[in-house]
Each structure stands twice: as structure tokens, then as C-alpha cells.
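This is what each chain is made of:
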Amino acid sequence: MTMTILHTSGPDAELEGRLGEELRAFNTRATAGHERGGFTVKVTAPDGVLVGGLTAWTWGDCAGVELLWVDDAFRQEGWGGKLLAAAEAEAGRRGCRTVTVSTYSFQAPGFYAAHGYRETARVPGVPGGHEDIYFIKFIEFIEPLTD
């Protein structure tokens, strides 16, 4: 079989979509019975302005925070912690026992540590001499309500 090697010099949405589909299918086969999902948490001011938000995923009994952001004007009001607590509660309702997150050394490692997350790894090499830091927190599983 002759192989042709192709190179792209920029984003390739079609390739990204295909790779995502293939990897999801592979992962689903390997972890049969473990549901995947996603959720968001957000807070808005009375005038509708976005104060902050969080995106997360769940997979079986694991959850992960993908993005957490709070507007600079509201950073000292505790919204980050409230968003994180709400995400942990939702993860627990979905049967999760752990929540993971990565943050850069110039972002919020102290924030996650202060909220009970334990550092598990550091990966150097982020531009400017920074690191990608990985955290985990074990949370309480919340038994689903039954009729």
C-alpha cells in the first residue's frame, strides 16, 4: 500500500470533526456503560450582563472543568467559588466522585488549591516559562432521588 502524507498549515474543521467522532466511538466502546455529558453554570447581573461562567463535562463517575471565567469587575465577590461549588454539586448529582481541572501557573492554581483541589501534575513549557497544572478533587456522590 502506498501512503500519501498530507500536511495542513492551519485549522482543519473537517479533520477535527472526524477525529472527534472516531475517538468518541473508540472511547465509548472501551468504556461501555459509562455515560458522557456536559453542562454549564453561569451567573448574570440583574441587567443581563454576564458576570461569569463555567463549562464542564462528565464521563461515568468523573467530571472535568473545561473553562471557568469571571469578569474582572466581579472577581473579588466570590463568584468563582460559587460557580465551582455549583459545578461540583451538579457533578455529584450526576454520580461523579471526582472533578479534575487544569490551569496555567499564571491563571488560578491558588484558587483551586483553596477550594480543596489537590495538585497531581505540572507540565512545563507553556510560553513565557509557565506551567500547565493539573488538579483533582474527590467529591461527595449524591444519591439520585427515586420515586
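For the structure, see preceding data.
About the criteria used
Residues numbered from 1 in each chain as written. Predicted model: local features only at pLDDT ≥ 70, side-chain atom pairs only at ≥ 80, totals over all residues. Heavy atoms only, no water. Helix = DSSP H or I, 4+ residues; strand = E, 2+ residues; numbered from the N terminus. Rg over C-alpha atoms; globule rule 2.2 N^0.38 Å. Buried < 20%, exposed > 50% of the residue type's maximum accessible area, 1.4 Å probe, protein only. Contact = heavy atoms within 4.5 Å. Areas by Shrake-Rupley, 256 points an atom, 1.4 Å probe, with all protein chains shown as cover. Lys, Arg positive; Asp, Glu negative; His and termini not counted. Charge placed at Lys NZ, Arg CZ, Asp CG, Glu CD. Phe/Tyr/Trp six-rings, centres within 6.5 Å; stacked < 30°, edge-to-face > 60°. Salt bridge = Lys/Arg side-chain N within 4 Å of Asp/Glu carboxyl O. Core = buried A, V, L, I, M, F, W, Y, C linked by side-chain atoms within 4.5 Å.

Before going further, it helps to examine the overall build of the protein chain. Per the secondary structure count, the protein chain includes 3 helices and 6 strands. The linear arrangement of helices and strands in the protein chain, starting from the amino end, is α-β-β-β-α-β-α-β-β. Relative to the compact-globule value of 15 Å for 147 residues, the protein chain shows a C-alpha radius of gyration of 19 Å, a clear excess of over 25%. Split into buried and exposed, the 147 residues of the protein chain put 27% on the buried side. Of the contacts made within the protein chain by residues no fewer than 6 positions apart, 50% connect residues no fewer than 24 positions apart. Accessible surface, the protein chain as shown: approximately 10,400 Å² in total, 56% of it carbon and sulfur. Of the charged side chains in the protein chain, 13 are positive and 20 negative; the average position of the first set lies 3 Å away from that of the second.

Once that is clear, we can look at the side chain of E88. Inspection of the secondary structure assignment puts E88 in helix α2 (residues 79-93). Once residues within four sequence positions are removed from consideration, E88 is found in contact with V99, H115, Y117, K137 and I139.

Scanning the model with the defined rule gives 4 aromatic pairs in all. Seen in terms of ring centroids, Y104 and F106 are 5.5 Å apart; in terms of plane orientation they differ by 10°. Their pairing is stacked. Here Y104 falls in the partly exposed class, since its relative accessible area comes to 32%. On the basis of relative accessible area, F106 is assigned to the partly exposed category, the value being 46%. With a centroid separation of 5.7 Å and 75° between ring planes, the pair formed by Y112 and Y117 is classed as edge-to-face.

Turning our eyes to something else, we now look at the pattern of salt bridges. Per the counting criterion, the structure on display carries 7 salt bridges. Close ionic contact of E90 with R94 constitutes a salt bridge, the shortest N to O distance being 2.8 Å. Residues joined by salt bridges that share partners form a network here, namely E90, R93 and R94.

Note that soluble globular proteins tend to have their nonpolar side chains buried in a common cluster. L54, V65, V99, Y112 and Y117 are the most contacted members of the largest nonpolar core, which totals 22 residues. Sorting the residues of this core by element identifies β1 (36-44), β2 (50-59), β3 (62-70), α2, β4 (98-104) and β6 (130-138) as the ones contributing at least two each. Top contributing element to this core by residue count: α2, with 4 residues. When near neighbours in sequence (up to four residues on either side) are disregarded, L54 contacts F39, T40, V41, V65, L67, L68, L83, L84 and A87.

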